[in-house]
Amino acid sequence: MKKFISALISVILIFTMAFAMVGCKKGDDGVSKIGIAMPTKSLERWNRDGTFLKDEFEKKGYTVELKYSDNNVDQQVSDIENLIADDVDVLIVAAIDGESLTKVLDTAAEKEIPVISYDRLIMNTEAVSYYVSFDNYTVGKLQGEYVVDALGLDLSDTSTTYNIEFTAGDPADNNAGFFFNGAFDVLSPYIDAGILNVVSGQTDFEQVATASWSTETAMTRMQNILASYYSDGTVLDVALCSNDSTALGVTNAIASDYAGTNTVIITGQDGDEANLANIVDGLQSMTVFKAVANEAVVTVAIAELLIQGKTPDAALADTFDCECAYDTSSYDNGTGTIPSYLLVPSVVTVDNIEEELVTPGYYVWSGEYPVAAG
Ligand code: BGC
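Given the structure is predicted, the values throughout are model-derived calculations rather than measurements.

Novice: I'd like a description of the site of the ligand, backed by residues and values.
Specialist: Around the ligand, the structure places 13 residues, and the nearest of them are Asp119, Arg120, Asp173, Asn243 and Asp270. Contact distances for the ligand include 3.0 Å between an oxygen atom and a side-chain N or O atom of Asn175. In this structure, Asn243 approaches the ligand through a side-chain N or O atom, which is 2.8 Å from an oxygen atom. For the ligand, whose unbound accessible area comes to 300 Å², protein coverage reaches 99%. When atom positions are compared with the pocket grids, the ligand is found to occupy the largest cavity. Considered class by class, the residues forming the shell around the ligand number 4 nonpolar, 3 polar and 6 charged. Lining the shell around the ligand are residues from two domains, each supplying at least three of them: domain 1 (9–134 + 292–343) and domain 2 (137–269).

Listed below in structure tokens is the structure:
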């Protein structure tokens, strides 16, 4: 009898697995293929994203083709062409230039390959089915609010004034404007009140943007600003930087070229290892952390539903362990709003590295500095 029951259980298990395979795996060999296009290995976070996504899909039995395009738009177009030619079942793309993928994604649409716009919104194409990101405006808002708190700014008290400079991201990245606007909207009332002075006068996104989010470009620009506006002893109180790669350049410029002796408040985003070390050493004040492991989990869940021919909707957002909002109004890519799953960023300072980064398992200590886990 026991033998019969265990044989019966085995048969049921085999059937259940077989049905599950038929239900969600499509390729010729019975395994669905996922195509992932990441911008570059040279910016730390995309290495993490690529690895998390690949591991997460492979754990579930999918085949993954992962491409990095060296921050070169033509290269990314050709990488995506190859993924489409390889008959991937879903395309996941973090665009280098959100405006340059319209044509190649037409081909994806012709082949009915669903496209998930990963972290950065791809513009001017109807081929994008979903967008997964963090609340990008909130990232900037958190940076601005950090500055307000750190300086104790109060609109009714104009007796003390501070000097600030802005460094934003790559204009080709749709996120960059959201980050900048989030921060600027918080800080502009203080600029208007004369409490914050932008000594360089550079307050337009175009003036403060950094092509390719390059550390060197951000450094050179800040060196020029320091030489032109601060070499006479003018104090720089704040360098509002949209992310860690630009914050690193700005921090280096201040270390080498700033005449003042005060600690400049410097913001960032991502939790890159070099920046976390600078936070520990008191050279950078904060970073906005985005748990990209969760971004990968959400992306995989959407991809799985799409492969099963289902339509991800608001209900999916409630199934995750992390906080995730389903948003159908904020992100318009020029062809209409794209249904978005948005995760929640958090502020990391020297005081909460342990609780925000180490305790949840994202980073481990390597001596006195945090390094990415895994
Ligand atoms: C990402 C940021 C990152 C930046 C540069 C943005 O699109 O959202 O996390 O710092 O690109 O890689």
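Novice: Mind laying out the domain arrangement of the protein, listing which residues take part and the relevant values?
Specialist: Accessible area lost on assembly of the parts is the figure often given for the size of an interface. Partitioning the protein into domains gives domain 1 (9–134 + 292–343) and domain 2 (137–269). Taken over C-alpha atoms, the centre of domain 1 sits 34 Å from the centre of domain 2. Listed as interface residues are 13 residues of domain 1 and, on the opposing side, 9 residues of domain 2. With both sides pooled, the region where domain 1 packs onto domain 2 buries about 800 Å², and carbon together with sulfur makes up 48% of that total. Of all residues in domain 1, Leu43, Arg120 and Tyr331 bury the most surface against domain 2, accounting for 46% of the area lost on that side.

Novice: Report on the pairing of strand 5 (residues 128–134), specifying residues and quantitative values.
Specialist: When you tally the buried positions in strand 5, you get 6 out of 7 residues, the bulk of the element. Bridge analysis of strand 4 (residues 115–118) against strand 5 gives 4 bridges, and the strand direction is parallel. Looking at the pairing, Ile116 lines up with Tyr130 of strand 5. The pairing of strand 5 with strand 12 (residues 340–343) spans 4 bridges and is classified as parallel. If you follow Phe134 over to strand 12, its bridge partner there is Leu343.

Novice: Tell me what's going on with the sheet that holds strand 2 (residues 63–68), and back it up with residues and numbers.
Specialist: Here 7 strands make up an open sheet; going across it, the order is 2-1-3-4-5-12-11 and the pairing mixed. Single-partner strands in this sheet number two, and they are strand 2 and strand 11 (324–327). Strand after strand, the sheet turns through a mean of 20 degrees between neighbouring axes, direction not considered. Along the sheet, helix 11 (residues 292–307) makes contact with strand 1 (33–38), strand 3 (90–93), strand 4, strand 5, strand 11 and strand 12, crossing strand 5 at roughly 160 degrees.

Novice: Help me get a handle on the pattern of salt bridges, residues and values and all.
Specialist: Tallying each qualifying case throughout the model produces 12 salt bridges. Notably, a salt bridge pairs Glu56 with Lys59, separated by 3.4 Å at the nearest N-O pair. Placement of both Glu56 and Lys59 in helix 2 (residues 44–59) is noted, with a separation of 3 residues, approximately one turn of the helix. On the basis of relative accessible area, Glu56 is assigned to the buried category, the value being 18%. A salt bridge links Arg120 to Asp173; its shortest N-O distance comes to 2.9 Å. Of this pair, Arg120 sits in the loop between strand 4 and strand 5 while Asp173 sits in the loop between strand 6 (162–167) and helix 6 (174–192), placing them 53 residues apart in sequence. For the pair Arg120 and Asp173, a shared accessibility class is recorded, and that class is buried. Taken together, the salt bridges that share partners define one network made up of Arg45, Asp49, Asp119 and Glu295.

Novice: Tell me about helix 2, and name the residues and values.
Specialist: Along its 16 residues, helix 2 runs 23 Å from first to last C-alpha, staying within 8% of the 22 Å computed at 1.5 Å per residue. Buried within helix 2 are the following residues: Arg45, Trp46, Arg48, Asp49, Gly50, Leu53, Glu56 and Phe57.

Novice: Lay out empty space enclosed by the protein with the relevant residues and their values.
Specialist: Taken as a whole and assessed by the stated rule, the structure comprises 2 cavities of 30 Å³ or more. Its boundaries defined by the atoms lining it, the largest cavity holds a volume of some 140 Å³. Breaking the lining of the largest cavity down by element, the ones donating at least two residues are helix 2 and helix 6. Among the elements that line the lining of the largest cavity, the one with the most residues is helix 2, at 3 residues. Both domains that meet at the lining of the largest cavity, namely domain 1 (9–134 + 292–343) and domain 2 (137–269), each give it at least three residues.

Novice: An account of the packing of helix 9 (residues 244–257) against helix 10 (residues 273–280) is requested, with residue identities and associated values reported.
Specialist: Two numbers describe how helix 9 lies on helix 10: the axes approach to 9 Å, and their chain directions differ by 50 degrees. Classed by the angle they form, the pair helix 9 and helix 10 counts as oblique. Two packed elements cross with a definite hand, and for helix 9 against helix 10 that hand is left-handed. Only Ala274, Asn275 and Asn278 of helix 10 make contact with helix 9, whose side of the interface consists of Asp244, Ala247, Leu248 and Thr251. In terms of residue class, the contact of helix 9 with helix 10 is made up of 3 nonpolar, 3 polar and 1 charged.

What counts as what
Residues numbered from 1 in each chain as written. Predicted model: local features only at pLDDT ≥ 70, side-chain atom pairs only at ≥ 80, totals over all residues. Heavy atoms only, no water. Near = heavy atom within 4 Å. Polar contact = N/O pair within 3.5 Å; in protein donor to acceptor, adjacent residues only side chain to side chain. Areas by Shrake-Rupley, 256 points an atom, 1.4 Å probe, with all protein chains shown as cover. 1 Å grid on protein atoms, 1.4 Å probe; cavity = no way out; pocket = protein on both sides within 12 Å on 5 of 7 lines; lining within 4 Å. Sits in = over half its atoms within 2 Å of the grid points. Nonpolar A, V, L, I, M, F, W, Y, C, P; charged D, E, K, R; others polar. Domains from an automatic or database assignment. Contact = heavy atoms within 4.5 Å. Buried area = accessible area lost by both parts, 1.4 Å probe. Buried < 20%, exposed > 50% of the residue type's maximum accessible area, 1.4 Å probe, protein only. Helix = DSSP H or I, 4+ residues; strand = E, 2+ residues; numbered from the N terminus. Pairing = 2+ DSSP bridges. Axes fitted to C-alpha atoms, helices over the stretch in contact; angles between N-to-C directions. Salt bridge = Lys/Arg side-chain N within 4 Å of Asp/Glu carboxyl O. Expected span 1.5 Å × (residues − 1). Points joined across faces, edges and corners; volume = space filled by probe spheres on them. Parallel < 35°, antiparallel > 145°, perpendicular 65-115°, else oblique. Left-handed = near helix turned anticlockwise from the far one by under 90°.

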